[in-house]
Structures are given as C-alpha cells and as structure tokens.
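Topology and contacts: notes
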Amino acid sequence: MERSPSLDGCMAFLLCCLVILLQWDYSFAQRLVQVQDGPLYRANGYPITIACNVSGFKGPSEQNFEFSMYLSANPTAEIKIISTLDPSTAYAIYRQRVKNKEIEIERITGSSVLLHIKNLQQSDQGQYECSTPNTDGTYLGSYSAMTDLKVIQDTLTASMSTGPLRKLEGDPLQLECEVSSQTLQHTHISVTWYLRKAGQDPLQIISLMRDFTLTPGSEFEYRYKSGQIGLDKIGITTYRLTITHLQVADQGNIYCQAGEWIQDPDKSWFKIASKETQPSSVEVQKVDKETDDFNVRIEATEEELQEGETLELKCIVEIPNILDHYFSVAWFKDSQEMARIGPMGVLTIGGRYTGRESQGEIRVFKKSGSDYVIIIKHIKTKDQGAYHCSVSKEEKSPGGPFTTKEMKESSQVQVQVTALESNFNVAVSNRTINIVEGDHLQISCKVAGMQGQVSVAWQYKKDNQNPFSDVISLSLNGALGAGAQYRQRIDRGDIRTVRINQESFVLEMSHSLPSDAGIYRCVVTDWIAQTDGNWKERDSKSQESSLTVSPLDSVMRTSIKSRHAQIEEGKEITLICSVSGTKVPLSTTWKFQKNGSSQLQDIVTLHYNGDIKWHRELNNFEFKTSVHKDDRTSFLKVSKASILEAGTYQCVVEAWISQTKRAKKESNMLAIIVTKPGSKLTVRSEQPVLERNVNGDVEIACQIQGATNSNSQFAVSWYFTPSEMGNTTILKMDRYHILENGEMMKNRKHKFQLIRQSADSYKLVILQTEFGDSGKHYCVVEEWVQDPNNKWYALPQQSAETQLIIRATENNVRVLKNNTSVRIPESNDFIVNCTIDSDIQAMSHFSVTWYYQNHEDPKLPLLTFSHDSVFENLSLNKELWKRMQFYSPSAGTYSLVIRNAGVDDTGKYSCKVDEYVLNCEGNMQPRSTGESGFTEVVVHHPENNLHVSQNDAVINLREGQGSFTVYCNITTHSNNKSAFEVTWLKTEEGITHPIFKALRNSTLQFLSKARDHFVFNRPSTNLYSLTLPMAKETDAGIYFCNVEEWLLNPRHKWYKIAERTSGNLTVSITAEDVSTYSTVCSSKSLFDFVFIYPFIIIVLLICVIFFLYYKMRKGGIHCLSNTNRQNKSLWKEKDILQNLSTSPC
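What comes next concerns the included structure. (Residues numbered from 1 in each chain as written. Predicted model: local features only at pLDDT ≥ 70, side-chain atom pairs only at ≥ 80, totals over all residues. Heavy atoms only, no water.)

For the rest of this paragraph, the subject is the overall build of the chain. Helices and strands together make up the secondary structure of the chain, namely 10 helices and 84 strands. Seen along its three principal axes, the alpha-carbon backbone of the chain occupies a region of about 175 × 170 × 110 Å. Per-residue burial for the chain yields a buried fraction of 40% across its 1145 residues. In the chain, the proportion of contacts linking residues at least 24 apart, taken out of those at least 6 apart, comes to 59%. Of the accessible surface of the chain, which amounts to about 65000 Å², a share of 50% is contributed by carbon and sulfur atoms. (Helix = DSSP H or I, 4+ residues; strand = E, 2+ residues; numbered from the N terminus. Buried < 20%, exposed > 50% of the residue type's maximum accessible area, 1.4 Å probe, protein only. Contact = heavy atoms within 4.5 Å. Areas by Shrake-Rupley, 256 points an atom, 1.4 Å probe, with all protein chains shown as cover.)

Written out as structure tokens, the structure reads:
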C-alpha cells in the first residue's frame, strides 16, 4: 500500500516540531534558585526578611525550601537553620529560636518563600544559602543561591525636650527633635512628627522623607499648604516642627519618630532602624476671640537651688493672636527691677546687675511670641528671694511713641538658694621637683571649688627652720606683686606667674640657681563680691612643693672624640666636643699640646654669645681651621693637617647663667696622630737583563712611574754589585740635579756618565765595558714631597735592578745543541753527555753546570764542575747527589751519570759551559758561555705482564659430603721481583664481598662473617689455593680471586704495578635428604640400636635353639607319630614338657 506524499510531508513537519519542543524543553527547563543580592546591611535587634524563589523545575508545584548559613570565621561549615520539609533540621544554636517562631518561613506561592528573622543578633552575620531538593529526576541547573548578611550596630538616636506646654488657641508652637546616627554605611534619615490624642491612633502631622521631601498627614494637609505647619532642619541633627496657629484640636501628646534607611544592591530602600522620642504634652486653651484680655504667668525650672547652679525664669503671655500685639516685659526680685525687654525688643538691665550681665552670668531674651526668659548663671545665696514678672500691653500711636494700655503682673515664685559646703581646694602639680642649675622651673597650681574670684601668691623658704617670704603674687583683678628679694629678677623677666586658664596658675623661674632650692608654697584665696561692691575673702588654701637644684659642676660632663684618631698628612682633622647634663649657654675653648711638650695652649674660644677669639700662641691653626657649635656640641676642623698639628687636643667648656660663669669642665685628652703619606713611587728598568759585547758602550735606563705627588722631586743614585760582593756607589744626583761621584769614579772618572732625559727618565752610560762590569746595576730613587707647611721631606727609596752581562766578541765557546731522548726501565743507569763543539784554546778553562727540568717547571741546577776543578752540589736532593757521578772521557766532553734511576728522574737534562781566561791581573774572568740542547730521559715502570687463569668451573656437592678448593693460578707476571696480594671473593644474590686475603708480607686476613675456617695453601710461587672444608649449603655461590702485583721502586717504596681477576668457580651445594634411612645412618648410636643390637640378639637366639636341639638329639628324644608310646621325660619340669605341641618337628 503506497503512502501519499501529503501524509509524508505532514509526518516530517510533526517530527520537526517534536524535535524543536524537545530542544526547547532541554534549553529552558532548567532549575534556577534565586535569592536577594547581597550584601544586605541590617541593624542589630531589628527584623530581616530574605526572599527565595525557584523556577524551571519539574515535579510538584509546591517546592520545599531549606535555609542554611556559613559564618565568616569558618566559611566551609554549613549551619542549618530551617526547612519546609523537615521541621527538625535546625542546628542547636537556632533550634530554640525556630521553636519560638522568632525564625520562620512564610510561603508566598508554591515556588517562592520568605525567611523572617524577627530579632537579628550579631551572631547572625554570615552567608545565607537557600536550597531546594531535586524533584526533576535529573540534575540540571542550580539548586541553591547565596546572599551575604552584614549585622551592624544600631546607632540611631532621637530625643526632644519633654515637658507640659500650656498654650492658648492661636499661639505658635515650636518643638525640636535631635536625631543622629554613627553608622559607617551610607544611610538616609527620615523624621516624622505625630499627634496622639487620648484613645485614638497617632496622627501624622508632617514627615521629612528619606528622599528629603516633605509629606504632611491627611489631617494636616490643608494647614501645611496654607503655611501654618512646617518642618525645618536646622544644624546637622536638629529637626524643628513649627505650628504658627495652634487649634484646640492640636491638644494631645506630640512626639518625633526617626527612621534610618539603607539602599540594597537591588536599588530598593529598607528601614533598618527606628526610634521614637518621649512625647511633649500640649494643652491648648480655647479663648474668646472677641476680647483682647491677656493673662501673665511665671515658671521657674527649679525653685530650690544650690550655689553655682543656673536659674531659668520664663514669663508667659497668653492672648489670642499674640503676634498682633506689642508687650513690654520686666523681671523683678523682691520688687527690684532686674531687666526689661521693650515692645521693640530693646533690652535694659538694672544697675546692680549690669556687671553680671557683662560677665555672662545673666542672659535675657524673647524665646517665642509668648515666652520671655531670664537666665541667671552661677547663682549665689544673695540671689534667693521672690521673683515675678510684669507685662505691659503697649499700643503704638500712628507716627508716635508706645503707650501702655494695660499692665498685669504674674504671681511670685519663691527661689531658695542653699550655700554649698566649701570644697575649695588647691593642688600643686609636683610635690617634689629636681632640676639642674640653669634649668627652667615651672610649678603648676590648680584650684577647684572656687565660688568667686581668686588671687594667688607664691612664697618661699629655705627650709623648715625659716619663715615663708613672698616671691610673686597675682591679685584678683590681675595686678602683679613682687617680693622684696625677688624684685630685680622679676623686673628682668626671670620670674613670673601666669594664669593659664580659669583654674590653673603657673610659677615660672628662668636661670635657676642652687640658692633657689627650698620649699615653695602656692596660696590661693577665694573672694566673694559683697552687695556694696566690695570683695570679701571667702576661703584661702595652700600647698607646698619641695625644689632641689643640682649644681652645674656636679652634673655637667664633657667629652672629646674624633672620627679618626690617625690621619694621613694633608687630610682633615675633625674633632667633636660634646656636653651633657645642662641646657645653659656654653663657651668652648679648644686647647692643643704638641708632641713632646707638657704645656696645653689655647687655639680658639667660642663664646656663648657667638663671639670667636683666636689665640696668638698657635697661629698656624687660624688660617686652616674652622669652628662652629650648636647648643651642646662644638666642632673643630683642621684642613690639610701636617706634623705640626699632631699632638693632644682638649676642649674646656664654661657654663654661663645670666652673664655669670657658673661652672667649668675639662674634657678628656685626645691624641691625634698625623702620618706621612704612603709612597706611590715605582721605579722600572727598561731591560732587566742586558747582554753586551766587551769593549763597547752600554746605556742602562731607569724609568720613574707612579709618583706620590705631581710636584715631587727626585734624587737618583746608581750602585753596582759584582757577583758575591757588596754594593759600590757609582754616581749620585740630588733633587737639585747636582752630581756627586761615587767610589767607582775615583780611579775611572770618565768611564761613567749620568743623563737626565726627562723628569722621570734617567740613564747611566758605561764606556768601554770590561768583563768586570758584568753584574747587577741598581737605580735607587729617593722621592721628596712638600708637606702642608711647605717643608720638604723624603719618602722611602725605591730601586730597579738591571743584570748586565759582558760577553767576549770572538772565540765563543759552542756546545752541541742536538736534542736527544733516552727511554730506560726503572733501576737502570743513564748517561747525559755535554760536548764542546768549538776549538778549545790552550788558555781556556771551563766550568760545567748541569740542569734538570721537569715538564714546564723552570730549570733547576744539579751539579757544577768549576773551572778550578771543584765540584759543587746545587741540588737540594741529597739522595740524588749520592747517585750522581761525573767524569770526562775526553777533552771537551763531560758526562753525567745517574745511577739506579727512578720514575721521578724523568725529565729534560742540559748543561751550560762557561769559558774563563786569565786577565792582565792574573785573575780568571768569564769570557763566553754556551748552552747545550736537552736530553729527554724517560724512566718507566716494568710493563704490565700480569695474567691470571681465566678458566671457569662448576662444582656440585651435597651438604656435608666434602670440601672444595678455589685455585688462583698466576700464569705470567711483570717482574721477577714482584710480590703478590691475593684476595678471594664470593658473589651471592648479586652481591660480591671478600672472604679471605693473603697480603704480600705473608699476612693472612679472614674477611668472611659467615665462615670462620678456611685452609690456605701456596703450592708454588705462582699458585695459591683456598679450601672450604665440609661444605655447607650457605657456601654455595660464585668464587674468584683478585691478584695485585706490587714492586719495590729504587727509593724502597712499594707501588702497585698491575691487577687481574681470575675466572669464576660456581659452587652448588645440595641440601641433605631428611629420611628415616638418612636419620638412622647419620647417628651411630641410633644405627647400633636399630641394626647391631637386634642382630646380636637374633644370633644369640639361634645359638640357643641349636644348643637345645643338640641336647635333645643327644638324649634320644625324637619325634613320634600319633601312637600310644610314651617315654619318661628327662625334664624335671615334666608338666611343662607335656604341654608342648605334639605336632611334627
């Protein structure tokens, strides 16, 4: 049956839609849990609500929710709070609060809830997690969400003056509310005023919202729009409610409510704190608006006060529309007018109260349209009495003055003022004071409990045996008084007293002296004003302070030091003089003592007033020395120091007080050493070795390098040292370039010349050289420098050496220079020849010196055969000297023999031949020199020819059945004098260790820990064996030997020449069978018991049987058939024989 195309298309379309729906479901049906974004800031003690919502879930429409929290101190520990699924899920710290409904979950819908915490605690701060159980069948999406809760302190405060207020209808009303917050987060404040009437809900009067907008209550909206009600913020924390015209309906309790708001991360505002003030009771009296009558009353904050407190009297005028009237208000005490405020607000003070008003003790002002206030501060007993106020209603004539239309007086208020018991007290800051002479003295005297004006007097006495005398005083009106003994110091400003505040006085004394030590007393008197304007002493108190003044001489210390006690000439000397123990002005004198002198002389004095005085005795310091000082330190700096400034320094310090020297102290003595500068001079010879022909001219150059100073001068001397003789002076030239002949110039004046090529280059010229001029020529330079005092002195001399060699011009000796090599074995002899290759003159004599050189080391002389046939050992090796032999096989040939050569004799050997001839004086003088080539000698050890048998073998043994032997066969060796050390080694489980060693000195060493018995044998010179008797299973392994060949060198020291290892012997040990047979056979006693003893018993039994049989045969006893024949038994034991079997034998 064919399917129609339309049906196929429809099926394809449906399938496509199904796929899209499945993808839609997969993409969007993911669980998502959402909670409010954090952090959420809430105040301690207030509620919080956290919303949680889940979407994209499967399963039932009503989902379960669970809330947990994590403390910041332990962010990984989960604390469960509450769950809609399990009521008992709460941890212990939240269980009681959940049970008391302080924490609960409110379900809004099946997929959203609210967590309510009614009273936040500080411990509730942390990360909150809302999670939902999985009802989807698979895990897809998020199953929890978290928010951060911060619990902050509640710092919001609200307060207002609360007291009953009586007002008339139409009067204005102003109330102030103080609101503040110390919250660190950014918050806004809202303020709302409420009116609460008896038995009714509070009515909102007006609010200042968090966004700073004013919103009136519905009952007061009309009056707000008409301007009769307002709310103003004055200052930072004060909010004022103003009602311009009170109505009777305004009567009730008015209070202020403050709220603190914070903005959450989702931009919504939340009130985190709220405070209410105590209410003020407002009574509004209805008045007849047709009359202009007014009432006057007086109120006092307190009617019974104590001295020093504040009295506030309020005069209240009650009349409708009070702002349309003018009043003059006056206050009276005991019928005497104190103050008056006129209708235009002009204040008039009564005569006797003028002074107190100027001192701020009386203040009069109009507080509002109906309230007039007088405040009396620091009330006194004289202020008690009867107070009342008088109010005059004034009427202003058009263009004229005010006239009194009506006057009324309030009732009287009786004010009682109780005198305080005197708590007047005086205390000094320090009862005991210790200072140093010259210090600034300061004694503070503090007064408490004074009721009037005070005066102070400072008094002094030396000790308790003397009366007090006045030092300085300060009267109550500020007048200064001086004691007779101190007037001059007070006029000079050294002593003064100051009142630093209302309650403190200070005595200050500058430039204190030891005579000021003693007892000081502060006397303070409290004065009370009388009604007649005079002052009466109310009380007087004092306290003493003991002063000790230490003399300067006992506390002042002086010391001198320097950064460097030893300096180089031309550098700077820096000396520091330090003073401790005083703060008075100081004068400093620097003193100096020359080396070798016992007298100190003054250099300079720095006076305390800044003057500087240079002393004539040491005028060399004045132009090269700088001095300065601060309060306690003085500095002396001497530039370009010389030997003249080397010596001992001291500073002497004088202390001055009021231009009088009070103390003098000398410092320690400090020695300064001035050393000459180190010489930087270097002298160099252009050619350290110079060879020239005889009878020629020679120039020896001397170069000066690295002079100490640029202006140095030089003296140059030349010396000559022939071999084995002392120095002889040739020429000298001083620093002024003046020549002086030396000893060698006495007989040969024209042989030497000195040439100065430049300031640093000198040449010695030798004319017509002779062989006697050969030797060392020294150029000695003496450098002269100038010290800072322009005096010249010499530095240590420096010299350079030139070795001059004069050689003959013809018939020079020649030596064969062919290089040869010789290779010999150790302990043999070798010969090195030295052959003259030139004609030998009859008058010539030769000196031959042999040299030895090892590798790259310098040549070392061995032996010299001098021209006069004397041998000289030049080698330090005495052993080599004994082995050397010299002989001359023919004229012009010289041979050196080294016997019994060792490897250490390997090296290059050469010779030098010096030719000598007789001079005119009959002395031998060198004529020419020739050097040979080298003979390279190699002394080698015997060649390594050690071989050990490498045959491998295998041995299988049964444990305990036999022994085995490990042979070590030396097939060949390197030398017939060799000695051998043989070590047997064993390898088991891959580890090789020695077991036995035969040393070359025939000493045997047991090295095995597993076996304590070996049998060593040396059957022949080259054959060694080691036998292990009674092999055990532990002896199995691989055995081999190691042979070391040793040889004694010519110096009688052993050295190892070769080392070889033998083949391996593999030994297998089979364990013994443990069977009955083996057990019996292995034990002799058991073998005897099992085999021998039974065998003996059986043999004995057979013998007994044969014996019995024999006896029976011999006695006629034989076997019978079953017949009736019976013979008499020969056995005594008849009965027993009768019981024998009758069966055939």
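Attention now moves to the packing of aromatic side chains. Evaluation of the coordinates by the stated rule reveals 23 aromatic pairs. Relative to Phe 1014, the ring of Phe 996 has its centre 5.9 Å away and its plane inclined at 50°; by these criteria the two rings are tilted. With Phe 996 in strand β78 (residues 991–998) and Phe 1014 in the loop between β79 (1004–1006) and β80 (1015–1020), this pair connects stretches of sequence that are 18 residues apart. Each member of the pair Phe 996 and Phe 1014 is classed as buried. By the ring-pair criterion, three or more aromatic residues cluster together here, those being Trp 984, Phe 996, Phe 1006, Phe 1014, Phe 1016 and Tyr 1024. Directly above the ring of Phe 365 sits Arg 363, whose terminal nitrogen or CZ lies 4.5 Å from the centroid. (Phe/Tyr/Trp six-rings, centres within 6.5 Å; stacked < 30°, edge-to-face > 60°. Lys NZ or Arg CZ within 6 Å of the ring centre and 35° of its normal.)

On to the environment of Ala 998, then. Assignment of secondary structure puts Ala 998 in strand β78. Spatially, the C-alpha atom of Ala 998 lies 8.7 Å from that of Trp 984, the residues being 14 residues apart in sequence. Those residues in contact with Ala 998 that lie beyond four places of it in its chain are Phe 980, Glu 981, Val 982, Trp 984, Thr 1003, Leu 1004 and Phe 1016.

The side chains of a regular strand alternate between both faces of the sheet. Summarising the sheet, strand β38 (residues 495–501) and strand β39 (residues 504–509) pair through six bridges and their orientation is antiparallel. Paired with Ile 495 across the strands is Met 509, a residue of β39. Turn length for the β38-β39 hairpin, with the two strands adjacent in sequence and antiparallel, is two residues. (Pairing = 2+ DSSP bridges.)

So, on to the state of the cysteines. Tallied over the entire structure, the rule returns eight disulfides. Covalently, Cys 52 is tied to Cys 130 through a disulfide, its sulfur atoms 1.9 Å apart. Given an S-S torsion of about -85°, the disulfide between Cys 52 and Cys 130 has left-handed geometry. Taken as a pair, Cys 52 in strand β3 (residues 48–55) and Cys 130 in strand β8 (residues 126–131) lie far apart in primary sequence, 78 residues in all. Between the sulfur atoms of Cys 968 and its disulfide partner Cys 1041 the distance amounts to 2.0 Å. On the sign convention where negative means left-handed, the S-S torsion of about 75° between Cys 968 and Cys 1041 marks this disulfide as right-handed. Taken together, the positions of Cys 968 in strand β76 (residues 964–972) and Cys 1041 in strand β82 (residues 1037–1048) put the pair 73 residues apart, joining distant regions of the chain. (Disulfide = S-S within 2.5 Å.)

As summarised here, the arrangement of the six strands in space is β33-β41-β40-β35-β36-β37, forming an open sheet in which the pairing is mixed. Bordering the open sheet on either side are β33 (432–436) and β37 (480–482), each of which pairs with just one other strand. Sheet twist, expressed as the average angle between the axes of neighbouring strands with direction ignored, equals 25°. Strand direction decides the pairing type here: strand β40 (residues 518–529) and strand β41 (residues 535–550), joined by 12 bridges, are antiparallel. Bridge pairing links Tyr 520 to Ser 545 in β41. (Axes fitted to C-alpha atoms, helices over the stretch in contact; angles between N-to-C directions.)

So, on to the pairing of strand β66 (residues 845–853). The buried count for β66 comes to seven of nine residues, which makes it a mostly enclosed element. In this structure, β66 lies alongside strand β71 (residues 907–918), joined through nine bridges in antiparallel fashion. Along β71, the bridge assignment pairs Gln 853 with Lys 908. Sheet analysis places β66 next to strand β67 (residues 860–865), joined by five bridges and oriented antiparallel. Bridge pairing in β67 links Tyr 851 to Pro 861. Where β66 folds back onto β67 in an antiparallel hairpin, the turn is made up of six residues, including His 855, whose phi is positive at roughly 55°.

Moving on, we get to the sheet that holds strand β10 (residues 157–160). If you trace the four strands from one edge of the open sheet to the other, you get β10-β12-β17-β16, paired in antiparallel fashion. If you trace the sheet from one side to the other, it starts and ends with β10 and β16 (229–234), each paired once. Mean inter-strand twist for the sheet, computed between neighbouring axes without regard to direction, equals 20°. Judged from the four bridges that link them, β10 and strand β12 (residues 173–180) form a sheet pairing that is antiparallel. Note that in β12 the partner of Ser 159 across the bridge is Glu 178.

Here the focus is helix α2 (residues 92–99). Turning to α2, its buried residues are Tyr 94, Arg 97 and Val 98. Projected down its long axis, α2 carries its buried residues within an arc of 100°, all on one side. Exposed positions of α2 whose direction lies more than 90 degrees from the buried face are Ala 92 and Lys 99. Those residues of α2 that are buried lie in contact with β4 (66–70), β5 (79–83), β6 (103–109), β7 (112–117) and β8. Two residues or fewer after α2 comes Lys 101, characterised by a positive phi angle close to 65°. (Arc of directions from axis to C-beta.)

This brings us to the environment of Ala 92. Its place among the elements puts Ala 92 in helix α2. Residue classification places Ala 92 among the exposed residues on the basis of a relative accessible area of 60%. Taking C-alpha positions, Ala 92 is 9.3 Å from Ile 79, a pair spaced 13 residues apart along the chain.

Here we take up a nonpolar patch on the surface. A surface patch of nonpolar side chains, amounting to about 1000 Å² of accessible area, comprises Leu 1086, Phe 1087, Phe 1089, Val 1090, Phe 1091, Ile 1092, Tyr 1093, Phe 1095, Ile 1096, Val 1099 and Leu 1100. Here Val 1099 lies in helix α9 (residues 1084–1114). (Patch = residues over 30% accessible without salt bridge, like charges linked within 9 Å, V, L, I, M, F, W, Y side chains within 5 Å. Salt bridge = Lys/Arg side-chain N within 4 Å of Asp/Glu carboxyl O.)

So, on to the side chain of Thr 769. With respect to the helices, strands and loops of the structure, Thr 769 is situated in the loop between β60 (761–766) and β61 (775–786). In this structure Thr 769 comes out as buried when scored by relative accessible area, which is 0%. Leaving out residues up to four positions away in the same chain, Thr 769 has contacts with Asn 693, Val 694, Asn 695, Gly 696, Val 698, Lys 751 and Ile 806.

A surface patch of negative charge is lined by Glu 302, Glu 303, Glu 304 and Glu 309. Residue position: Glu 309 is located in the loop between β22 (304–306) and β23 (311–318). (Lys, Arg positive; Asp, Glu negative; His and termini not counted. Charge placed at Lys NZ, Arg CZ, Asp CG, Glu CD.)

Cis geometry marks the peptide bond from Gly 38 to Pro 39; its omega dihedral reads 0°. Within the fold, Pro 39 resides in the loop between β1 (32–35) and β2 (40–43). In this structure, His 737 is a non-glycine residue whose phi angle is positive, near 70°. If you trace the backbone, His 737 turns up in the loop between β57 (728–733) and β58 (739–741). By relative accessible area, which is 40% here, His 737 ends up partly exposed. Not every positive phi belongs to a glycine, and Glu 989 is a case in point at roughly 55°. As for its placement among the helices and strands, Glu 989 is situated in the loop between β77 (979–988) and β78. Look at Glu 989 and you get exposed, because its relative accessible area is 81%.

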